[in-house]
Amino acid sequence: MIALPKAELHVHLEGTLEPEDTVRFAARNGVQLPWPGPEELRAAYSFTGLENFLSVYFQGCRVLCTREDFRELTVAYLERAANQGVRRAEMLFGPQAFLDHDIPIDDQLGGIVDGIDEAREAWGIDGALLVSAPRHRAEADALELLEVVRPWRDRVLGVGLGGAESGNPPAKFARYFDAARAEGYRTTCHAGEEGPAACVAQALDVCRVERIDHGYAAAEDPGLVARLADERVTLTMCPLSNLRLHVTDDLTTYPLKRLMDAGVPVTVNSDDPAYFGGYVNENYAAVTDALGLAEAEVRTLARNSFSGSFAHPEELRGVFEELSGNERP
Ligand code: HPA
Ligand code: ZN
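These figures come from a predicted structure and were not determined experimentally.

S.K.: Describe the side chain of threonine 236, naming the residues involved and giving the relevant values.
M.R.: Along the chain, threonine 236 turns up in strand 7 (residues 234–237). Here histidine 10 takes part through its side chain, which lies 3.0 Å from a polar atom of the side chain of threonine 236. Every residue in contact with threonine 236, bar those within four places of it in the chain, is listed here: Leu9, His10, Arg211, Ile212, Asp213, His214, Thr267 and Asn269.

S.K.: Outline the pattern of salt bridges, supporting the account with residue identities and numerical values.
M.R.: Counted according to the given criterion, the structure contains 30 salt bridges. Residue arginine 71 pairs with glutamate 118 through a salt bridge whose shortest N-O separation is 2.8 Å. Here arginine 71, found in helix 4 (residues 67–83), pairs with glutamate 118, found in helix 6 (residues 105–123); they are 47 residues apart in sequence, far enough to count as distant. For aspartate 117, the salt bridge goes to arginine 155, with nearest N and O atoms at 2.8 Å. Placement of aspartate 117 in helix 6 and of arginine 155 in the loop between helix 7 (139–149) and strand 4 (158–162) is noted, with a sequence separation of 38 residues between them. The network of salt bridges with common partners includes Asp21, Arg24, Arg28, Asp69 and Glu72.

S.K.: Before we move on, could you go through the site of ligand 1 and cite the residues and values that matter?
M.R.: Near ligand 1 the following residues occur: His12, Leu50, Phe53, Leu54, Tyr57, Gly162, Gly163, His190, Glu193, His214, Asp271 and Asp272. Measuring from a nitrogen atom of ligand 1, one finds a side-chain N or O atom of aspartate 272 at 2.6 Å. Burial of ligand 1 by the surrounding chains reaches 97%, relative to a free accessible area of 260 Å². Cavity membership is defined here by more than half of the atoms lying within 2 Å of grid points; on that basis ligand 1 lies in the largest pocket. For the shell around ligand 1, the leading source of residues is helix 3 (residues 50–61), giving four residues.

S.K.: Go over the environment of glutamate 210 with me, naming the residues and quoting the values.
M.R.: Relative to the helices and strands, glutamate 210 resides in the loop between helix 9 (197–205) and strand 6 (211–214). Linking glutamate 210 and leucine 235, residues 25 residues apart in sequence, is a C-alpha distance of 9.8 Å. Beyond its immediate chain neighbours, meaning those up to four positions away, glutamate 210 contacts Arg186, Thr187, Val233 and Phe310. Side-chain polar atoms of glutamate 210 contact the side chain of arginine 186, separated by 2.7 Å. Looking at glutamate 210, its side chain comes within polar contact range of the main-chain nitrogen of threonine 187, at 3.0 Å.

S.K.: Tell me what's going on with the coordination of the zinc ion (ligand 2), and back it up with residues and numbers.
M.R.: Bound to the zinc ion (ligand 2) are the protein donor atoms His10 (NE2), His12 (NE2), His190 (NE2) and Asp271 (OD), situated 2.0 to 2.2 Å from the metal. Coordination at the zinc ion (ligand 2) is irregular, judged from the four donor atoms that bind it and the angles of 80 to 169 degrees they form at the metal. All donors of the zinc ion (ligand 2) come from a single chain, and their spacing in sequence reads H-x1-H-x177-H-x80-D. Residue histidine 12 is located in strand 1 (residues 6–12), and its partner aspartate 271 is located in the loop between strand 8 (266–268) and helix 13 (273–276); the two are separated by 259 residues in the primary sequence.

S.K.: Which residues make up the packing of aromatic side chains, and what values do they have?
M.R.: Under the definition given, this model contains 16 aromatic pairs. Pairing tyrosine 57 with phenylalanine 58 gives two aromatic rings, centres 5.2 Å apart and planes at 80 degrees, and the pair type is edge-to-face. Under the relative-accessibility criterion, tyrosine 57 is labelled buried at 6%. When the ring of phenylalanine 173 is compared with that of tyrosine 176, the centres are 6.2 Å apart and the planes differ by 75 degrees; the resulting orientation is edge-to-face. Across the pair, exposure class does not vary: phenylalanine 173 and tyrosine 176 are buried alike.

S.K.: Give me helix 6: which residues, what numbers.
M.R.: In this model, helix 6 (19 residues) spans 27 Å end to end at C-alpha, consistent with the 27 Å of a helix rising 1.5 Å per residue. For helix 6, every residue scored as buried is listed here: Ile105, Gln108, Leu109, Gly110, Gly111, Ile112, Val113, Gly115, Ile116 and Ala119. Tucked into the core, helix 6 has its buried residues touching helix 4, strand 2 (86–93), helix 5 (96–99), strand 3 (126–134) and helix 7. Backbone geometry just downstream of helix 6 places glycine 124 in the positive-phi region, at approximately 75 degrees.

S.K.: Summarise unusual backbone geometry; cite the residues concerned and give the values.
M.R.: Leave glycine aside and you will find that most residues have negative phi; peptide bonds, for their part, are mostly trans. Positive phi, normally seen in glycine, also occurs at arginine 232, with a value near 50 degrees. One can find arginine 232 in the loop between helix 10 (222–230) and strand 7.

S.K.: Outline the sheet that holds strand 7, supporting the account with residue identities and numerical values.
M.R.: Read across the open sheet, the eight strands follow the order 1-2-3-4-5-6-7-8; overall the sheet is parallel. In this open sheet, the two edge strands, each paired with only one partner strand, are strand 1 and strand 8. Taking each pair of neighbouring strands and ignoring which way they run, the sheet shows an average axis angle of 25 degrees. Bridge count for strand 6 against strand 7 is three bridges, and the pairing is parallel. Each bridged residue has a counterpart across the sheet, and for isoleucine 212 the counterpart in strand 7 is leucine 235. On top of the sheet, helix 8 (residues 174–182) reaches strand 3, strand 4 and strand 5 (186–191); it is set at about 165 degrees to strand 4, its chief contact.

Cut-off values and rules
- Residues numbered from 1 in each chain as written.
- Chains lettered and ligands numbered in written order.
- Predicted model: local features only at pLDDT ≥ 70, side-chain atom pairs only at ≥ 80, totals over all residues.
- Heavy atoms only, no water.
- Helix = DSSP H or I, 4+ residues; strand = E, 2+ residues; numbered from the N terminus.
- Polar contact = N/O pair within 3.5 Å; in protein donor to acceptor, adjacent residues only side chain to side chain.
- Contact = heavy atoms within 4.5 Å.
- Salt bridge = Lys/Arg side-chain N within 4 Å of Asp/Glu carboxyl O.
- Near = heavy atom within 4 Å.
- Areas by Shrake-Rupley, 256 points an atom, 1.4 Å probe, with all protein chains shown as cover.
- 1 Å grid on protein atoms, 1.4 Å probe; cavity = no way out; pocket = protein on both sides within 12 Å on 5 of 7 lines; lining within 4 Å.
- Sits in = over half its atoms within 2 Å of the grid points.
- Donors = N, O, S within 2.8 Å, 3.2 Å for Na, K, Ca; no water.
- Tetrahedral: all angles 85-135°; square planar, octahedral: opposite > 155°, others 65-115°.
- Phe/Tyr/Trp six-rings, centres within 6.5 Å; stacked < 30°, edge-to-face > 60°.
- Buried < 20%, exposed > 50% of the residue type's maximum accessible area, 1.4 Å probe, protein only.
- Expected span 1.5 Å × (residues − 1).
- Pairing = 2+ DSSP bridges.
- Axes fitted to C-alpha atoms, helices over the stretch in contact; angles between N-to-C directions.

Shown next as structure tokens:
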């Protein structure tokens, strides 16, 4: 599993901030944190649900201030990912939390793209950036995000939507996704994490996104499952995140295998690995153990991660050959 080539399609760059780095960045940027050290911070990572997690996550974001911080964060994640066999990483990042604190977009995205370029050079990992809007804010803010990132259009591959799902259905952001598509961005939307299966359908019908982040609740609706399989809609599932945020309390009943057996292209991802106790391989290991996945099924998950990626198909030919069984994982 360590060496098995894979893509990570659902990881929030801010969620890769390890407690040691949170404390280190806070000290060097003069930011006060409510936790004195990394141990206390780790102890705070016991979440009651998504909104409670997001409040800790946004406090963590406060320590990221300079272009150098964003570069280091990106390089650290991509190095870890490369060491876990990740060949391609599509990373979500939400600029607005930082713009609110007067951190210029050029420092944010400049640091991230420097990190992506450096990691490609050092470890050959193919990093790509997706900007994400928070759904608790107005759609006008999401539309403004598209304006703000326009100067970086050639380095931003796609757009997403994250944050508190309850009370903020995908349809609220229909024009955001329309505008993004008109500008040529690839699209993905968090849906069916805390919200019902109907939100997954709405993300497809109203927002017409290409991919669904999480999609956990889709398994409750057999008609929707058949549709996801038919239309080959990739779900970027995050088992350890779902466990930590009480979306599920038991991975032995996690719907990933049922969805896979029904022909849905499911993938395994880490979401916010520094907060949820594992990077992508720990997530693969957790579902493999809990669901008793066979080696061929793990390979299918890895293959799905590339076919569901936004990479150019030409770039993926070599990795599909590797995964076709010529090399052992
Ligand atoms: N869900 C929604 N929004 C998020 C998450 C998540 O798990 N992580 C970071 N933003
Ligand atoms: Zn997420």
